[in-house]
Every structure is written in C-alpha cells, then in structure tokens.
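Examining the three-dimensional arrangement
Residue-level listing of the chains:
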Amino acid sequence: MAATEDVTESRLLLAEYDRIKEEQKTRIGFRDNLLYFTLAASTAVLAIAVQTTQARLLLVIPVICLVLGWTYLVNDEKISAVGCYIRDQLGPRLAELSGASGAVFGWETYHRGDERRTTRKRLQTAVDLFTFLALPMACVTTFWCSPTTPPPLLIASLTQTLALAVLGWQFLRYAEW
C-alpha cells in the first residue's frame, strides 16, 4: 500500500517533465550535429567532384541535404512540440495541482519573450535554408552548366529541385518567428 501512496499525479507529471526534457535535450544535440554532418558530408563530396572533375557527383549533395534536412526539420519540430506541450498542458496541470499562483516551468515561456528572439529565429532559418537548400541548388545548377548532362541525370536533378523546393517550403512553414 505504501508504494501506491507515493504515486501522486504531481509526481507523475514531474517524472513526465523530466523524461520529455531529456528527450528534448537529446533531440537538440542530434539536430545540431545534423547541421555539422551535412556540411562535412557535402564538403567531402564536393572535394571528390572537383578532384575527379565529375559534375554528376554534385547530384549526391542534394540527396544528402534532402535526407539530413528532413531529419533536421522533424527533430526541430519535435523540440518545439515538447516546449509547447510543457507550456500548454503539463505546466498548467501541475500549477493547478500544486496551487501555484504563478506559472510553473517559467523558463518555457520566459525565453520566448526575448526581444531578439525573432531576429535569431530568422537568422537560424536563413542558415538552415542556406545549408539544406542553397548549397544543394548551387550543385544542381553547376551540374546543369556542365558540358555533359545525361537525360536520366537531368530528370533526377529536376526531381531533386522539386524535392528541395518542398523542403524549403517546410522550413518556412515551421519557422516560429
């Protein structure tokens, strides 16, 4: 009986908070590393393409950026969703149970009120768009300008361009300015 007395809704909510904050922290680290890995992988492919003068290798970079960019975007959305859940669901429930007069988990709302937040979010969106869109589109454009563009690879590059446009639209759609 003593074990069930120790389980309260407040304790469960605090345990949930700890777990989702840990998930958020892990996702932030993973997301940030995706940016670095994308740049490193793209640079490696670019170096090989330049050394071998094989313009078709440039079409590997959009694939890298699409896969890692989508993964980056999904993780970024989940990071934001955790914050939203804490602000809108978990915090108010815990405040009600505890009888707190103010907000619980105040950091979740406090940091969003920073006057420079909008500028930072816009700059981060610009960095994301450059990394996951501008860089691969420069590679596709260079491929198009190369002396030989086999039709199957031309079709592939057009498909990549469409997929990159969708990814860019998603980045803008999920940007929280």
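So, here is what we can say about the structure in this document. Owing to the predicted nature of the structure, the values given are computational and were not obtained by experimental measurement.

Things to note about a nonpolar patch on the surface
Together, Trp144, Leu154 and Leu158 line one region of the surface with nonpolar side chains, adding up to about 250 Å² of accessible area. Along the chain, Leu158 falls in helix H6 (residues 151-174). Residue classification places Leu158 among the partly exposed residues on the basis of a relative accessible area of 47%.

Points about the state of the cysteines
Scanning the model with the defined rule gives zero disulfides in all. Cys65 carries a free sulfur, and the closest cysteine sulfur to it, the one in Cys139, is 7.4 Å from it. A relative accessible area of 0% places Cys65 in the buried class.

Describing the nonpolar core
Counting residues in hydrophobic clusters, the biggest one holds 20 residues, and the most contacted among them are Ile61, Ile64, Leu68, Tyr72, Phe132, Leu167 and Phe171. Going through the elements one at a time, helix H2 (9-52), helix H3 (60-98), helix H5 (117-145) and H6 are the ones with two or more residues in this core. Counting residues per element, this core draws most heavily on H3, at seven residues. Once residues lying within four places of it in the same chain are set aside, the contact partners of Ile61 are Ser42, Val45, Leu46, Leu135, Pro136 and Cys139. Formed by eight residues, the second largest nonpolar core is a distinct cluster that contains Leu13, Val82, Leu90 and Phe105.

Rules used throughout
Residues numbered from 1 in each chain as written. Predicted model: local features only at pLDDT ≥ 70, side-chain atom pairs only at ≥ 80, totals over all residues. Heavy atoms only, no water. Patch = residues over 30% accessible without salt bridge, like charges linked within 9 Å, V, L, I, M, F, W, Y side chains within 5 Å. Areas by Shrake-Rupley, 256 points an atom, 1.4 Å probe, with all protein chains shown as cover. Salt bridge = Lys/Arg side-chain N within 4 Å of Asp/Glu carboxyl O. Helix = DSSP H or I, 4+ residues; strand = E, 2+ residues; numbered from the N terminus. Buried < 20%, exposed > 50% of the residue type's maximum accessible area, 1.4 Å probe, protein only. Disulfide = S-S within 2.5 Å. Core = buried A, V, L, I, M, F, W, Y, C linked by side-chain atoms within 4.5 Å. Contact = heavy atoms within 4.5 Å.

Limitation: the analysis is restricted to geometry and does not speak to function.
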